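# Topology and contacts: notes
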Amino acid sequence: IPFAPGSLFAIRRDEFWRLGGYDQGLLVWGGENTELVMKVWRCGYDDPTKPAGRVVVVPCSRVGHVYRVHIKETGRWPPTIPKYVQDKYHINTNGRWFVNGGKADPFTRLVERNNMRIFRVWLGKDSPVARNYYHRAFGVNSTNAKDFAPEWARMIRDMDNDTEILRQESIRDRNKCKSLEWFDRHVVYRLVGRHLPMHDLAIQAKKGIVSCGQHEAKTCGQCPKGNGKEWCNGDCHWCEHGSVVPLNNTAQNELVARFKKGKLNKQAKAFQQMKETYSCVPKANRCAKAGVNDLF
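Rules used throughout
Residues numbered from 1 in each chain as written. Predicted model: local features only at pLDDT ≥ 70, side-chain atom pairs only at ≥ 80, totals over all residues. Heavy atoms only, no water. Axes fitted to C-alpha atoms, helices over the stretch in contact; angles between N-to-C directions. Helix = DSSP H or I, 4+ residues; strand = E, 2+ residues; numbered from the N terminus. Parallel < 35°, antiparallel > 145°, perpendicular 65-115°, else oblique. Left-handed = near helix turned anticlockwise from the far one by under 90°. Contact = heavy atoms within 4.5 Å. Nonpolar A, V, L, I, M, F, W, Y, C, P; charged D, E, K, R; others polar. Buried < 20%, exposed > 50% of the residue type's maximum accessible area, 1.4 Å probe, protein only. Disulfide = S-S within 2.5 Å. Salt bridge = Lys/Arg side-chain N within 4 Å of Asp/Glu carboxyl O. Core = buried A, V, L, I, M, F, W, Y, C linked by side-chain atoms within 4.5 Å.

Moving on, we get to the packing of helix 5 (residues 106-123) against helix 8 (residues 163-174). Where helix 5 contacts helix 8, the axes come no closer than 10 Å and their chain directions differ by 30°. One finds that helix 5 runs roughly parallel with respect to helix 8. The way helix 5 lies across helix 8 gives a crossing that is right-handed. Along its contact with helix 5, which presents Arg117, Arg120, Val121 and Trp122, the element helix 8 presents Glu164, Ile165, Gln168, Glu169 and Arg172. Grouping the amino acids of the contact of helix 5 with helix 8 by side-chain chemistry returns 3 nonpolar, 1 polar and 5 charged.

Even without being glycine, histidine 90 reaches a positive phi, approximately 60°. With a relative accessible area of 31%, histidine 90 lands in the partly exposed category. For lysine 176, which is not a glycine, the phi torsion comes out positive at approximately 55°. Accessibility expressed as a relative area gives 59% for lysine 176, which makes it exposed.

Quick look at the side chain of arginine 109 now. With respect to the helices, strands and loops of the structure, arginine 109 is situated in helix 5. Those residues in contact with arginine 109, other than ones at most four positions away along the chain, are Ile91, Asn92, Thr93, Trp97, Lys103, Ala104, Trp152 and Met155.

Counting across every chain of the model gives 1 disulfide. In this model, cysteine 43 is linked to cysteine 177 through a disulfide, with the two sulfur atoms separated by 1.9 Å. Torsion about the S-S bond of the cysteine 43 and cysteine 177 cystine: about 110°, corresponding to right-handed handedness. Placement of cysteine 43 in the loop between helix 2 (32-42) and helix 3 (71-74) and of cysteine 177 in the loop between helix 8 and helix 9 (180-192) is noted, with a sequence separation of 134 residues between them. Neither residue differs from the other here; cysteine 43 and cysteine 177 are each classed as buried.

Where charged atoms of side chains with opposite charge meet at close range, the side chains can pair. One pass over the structure, following the stated rule, counts 11 salt bridges. Note that arginine 117 is salt-bridged to aspartate 23, the shortest N-O span being 2.9 Å. Residue arginine 117 is located in helix 5, and its partner aspartate 23 is located in the loop between helix 1 (13-18) and helix 2; the two are separated by 94 residues in the primary sequence. A salt bridge links aspartate 160 to arginine 120; the nearest nitrogen and oxygen atoms lie 2.8 Å apart. Residue aspartate 160 is located in the loop between helix 7 (150-158) and helix 8, and its partner arginine 120 is located in helix 5; the two are separated by 40 residues in the primary sequence.

The subject of this paragraph is the nonpolar core. Phe138 and Trp152 are the most contacted members of the largest nonpolar core, which totals 49 residues. Elements represented by at least two residues in this core include exactly helix 2, helix 5, helix 6 (128-138), helix 7 and helix 9. The element that contributes the greatest number of residues to this core is helix 5, accounting for 9 residues. Beyond its immediate chain neighbours, meaning those up to four positions away, phenylalanine 138 contacts Phe98, Val99, Glu112, Met116, Phe148 and Trp152. Formed by 6 residues, the second largest nonpolar core is a distinct cluster that contains Val210, Cys212, Ala217 and Cys236.

See the structure below:
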């Protein structure tokens, strides 16, 4: 899965520390799960003899989680932010603390600060994805601090000399982590059939547009324009395998049932071999949406 909650996961200790642990500048709640899965997926070993990073669901696993234990006593979620934290990070001041058009309470301000840190390290300081997020959240079509309300601008400027952010960036570079574009195309899009929510291509998709690589079209089928597979890239995949047919629901259910019983038969092996071309339909030489029907 591309993303996972931060409250119910397991990771090898040596791998956790190789990836840099958690950003120690993240406060109280929010964002740590996004940071960790970005590290796992994008910073897997370059050594082909070692497994690449991945996040998987373990069927039938059991996790003990103390979940918002004081909500009955306090009657509220999120929890109150300690005053010394509010004072230290200037989130208790009056001002233009607006997020998504509404007034943000101290907890929301803190979560947005965490998000900004993750964007800085894992999306890039001037990333279009970060810009699109800021436009939606703050109404600012920019990643430059000067364009934000003073309260948010202070948070952005503080990150320029933040020693923990510099440490995380150094670990990212040392681990030769893959780019955000790689993560979007080879993880997010492959697993869920959609781009990252604030990716330019995701915004285009909502408008009924797909990327063919160097040009755009309303559908993948319209990408080639008679020019063949060279014009079928981006969001789309050129299918050469006219005989490949996706498994129907009955076969999928049978496969899942056999998997749970520990019986991976020939059908499962065939399914493993065909997953790369699972989006192809039984018509040769077709430009089709890449990964939308991919069960993996």
